[in-house]
Amino acid sequence: MPLGLGRRKKASPLVENEEAEPIRAGLNVSGVDRLDGGVSLGEGATQEGLPPPPTNMRPRLIFHTQLAHGSPTGRIEGFSNVRELYAKIGEAFGIPPAEVMFCTLNTHKVDMDKLLGGQIGLEDFIFAHTKGQRKEVDVFKGEDALGLTITDNGAGYAFIKRIREGSIIHQIQVINVGDMIESINGQILIGCRHYEVAKMLKELPKEKTFVLKLVEPLKAFDMISQRSGSRSGSVQLGTGRGTLRLRSKGPATVEELPSAFEEKAIEKVDDLLESYMGIRDSELAATMVELGKDKKNPDEFAEALDETLGDFAFPDEFVFDVWGAIGDAKVGRV
């Protein structure tokens, strides 16, 4: 059977070399039967079916929060996307929301494995990383790739998620994981998405020097000497099975954590995204698994992808491999 005949092809926004990895601003919460009126932070579908319950009958989802460099504990609630989350953090601590660079869950460290992305456990503790020292660095691009993985916070700031060991950037000690990229050669990048920043870095001429302006997150005393996010010292506070899933469109919802099959399938699809597209994006992988888990054949899956994610213009061979990965996860293959 032919795969995806007549599929639409649109120009992909993704880059090939400098890696880019978005933090999707969507919130979906599980554990409660698809309750509307929760919090929403990313790209997602609108809720269908019964109308949302009255405001006074919706669950109050309250999260405990601290500033990562140290602060009293605050309580926040009532946010429906990433920007509203940052606004609530600003209200709780008396700071402008624009000072918040990104958030980590259950650790104050700059740990990129703990970034707040598409889901927040109902018992997770949120640590907000705010702007610290600004710095300007001259970088000589002696190779095609700089060794960076770029992500963004869903609210206009792109920052460094990973630095490849032995790369050009790895040799510049002043550049660290977690640094926000404020400008390249004087071009302000506030408001740009991760793939736009990665594309600019990729297209910089080789054998030339360029200027990076960076903002590092404000650090607590025990974080001063760390180069990149360490897993040591992280505290696992979230123990509940429910999660709040954030979406950029539509309300956030409370949902159960992914099943073992879904977790395995999401991991496999995320690996394929990195292999084919040069990005890692667990929220996008989760959407693809959701679209494919009930389809009967790869053509139905391809049609569903085109309808929901047509802007990515996934190649047929990638779609077929994703279909196979979902099938392998169903039958428990490694």
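Higher on the page you've got the structure.
Residues numbered from 1 in each chain as written. Predicted model: local features only at pLDDT ≥ 70, side-chain atom pairs only at ≥ 80, totals over all residues. Heavy atoms only, no water.

Caption draft 1: Helix α5 (residues 298–309), seen in detail. Spanning twelve residues, α5 covers 15 Å between terminal C-alpha atoms, matching the ideal 16 Å at 1.5 Å per step. For α5, every residue scored as buried is listed here: P298, D299, F301, A302, A304, L305, D306 and L309. On its buried face, α5 is in contact with α4 (282–292) and α6 (316–330). The backbone nitrogen of D299 lies 3.0 Å from a side-chain oxygen of the residue at the head of α5, namely N297. (Helix = DSSP H or I, 4+ residues; strand = E, 2+ residues; numbered from the N terminus. Expected span 1.5 Å × (residues − 1). Buried < 20%, exposed > 50% of the residue type's maximum accessible area, 1.4 Å probe, protein only. Contact = heavy atoms within 4.5 Å. Polar contact = N/O pair within 3.5 Å; in protein donor to acceptor, adjacent residues only side chain to side chain.)

Caption draft 2: Here's a closer look at the pairing of strand β12 (residues 208–217). One ladder, built from nine bridges, connects strand β7 (residues 126–141) with β12; its direction is antiparallel. In the sheet register, F140 faces β12, and the bridge partner there is T209. Sheet topology places strand β10 (residues 180–184) next to β12; four bridges connect them, and they run antiparallel. Along β12, the bridge assignment pairs I184 with L212. (Pairing = 2+ DSSP bridges.)

Caption draft 3: Here's a closer look at the pairing of β10. With respect to burial, β10 is a largely interior element, five of its five residues being buried. Across two bridges, the pairing between β10 and strand β11 (residues 187–188) is antiparallel. Note on β11: the bridge partner recorded for I184 is Q187. Connecting β10 to the antiparallel partner β11 that follows it, the hairpin turn spans two residues, and N185 within it adopts a positive phi of roughly 50°.

Caption draft 4: Structural context of the packing of α4 against α6. Put simply, α4 and α6 touch, their axes get as near as 10 Å, and they point 75° apart. As the angle between them shows, α4 and α6 are arranged roughly perpendicular. Counting all contacts with α4, which are made through M288, V289 and G292, the residues of α6 involved are F318, V322, W323, I326 and K330. Of the residues contributing to the contact of α4 with α6, the split by class is six nonpolar, one polar and one charged. (Axes fitted to C-alpha atoms, helices over the stretch in contact; angles between N-to-C directions. Parallel < 35°, antiparallel > 145°, perpendicular 65-115°, else oblique. Nonpolar A, V, L, I, M, F, W, Y, C, P; charged D, E, K, R; others polar.)

Taken by themselves, the reported measurements are silent on function.
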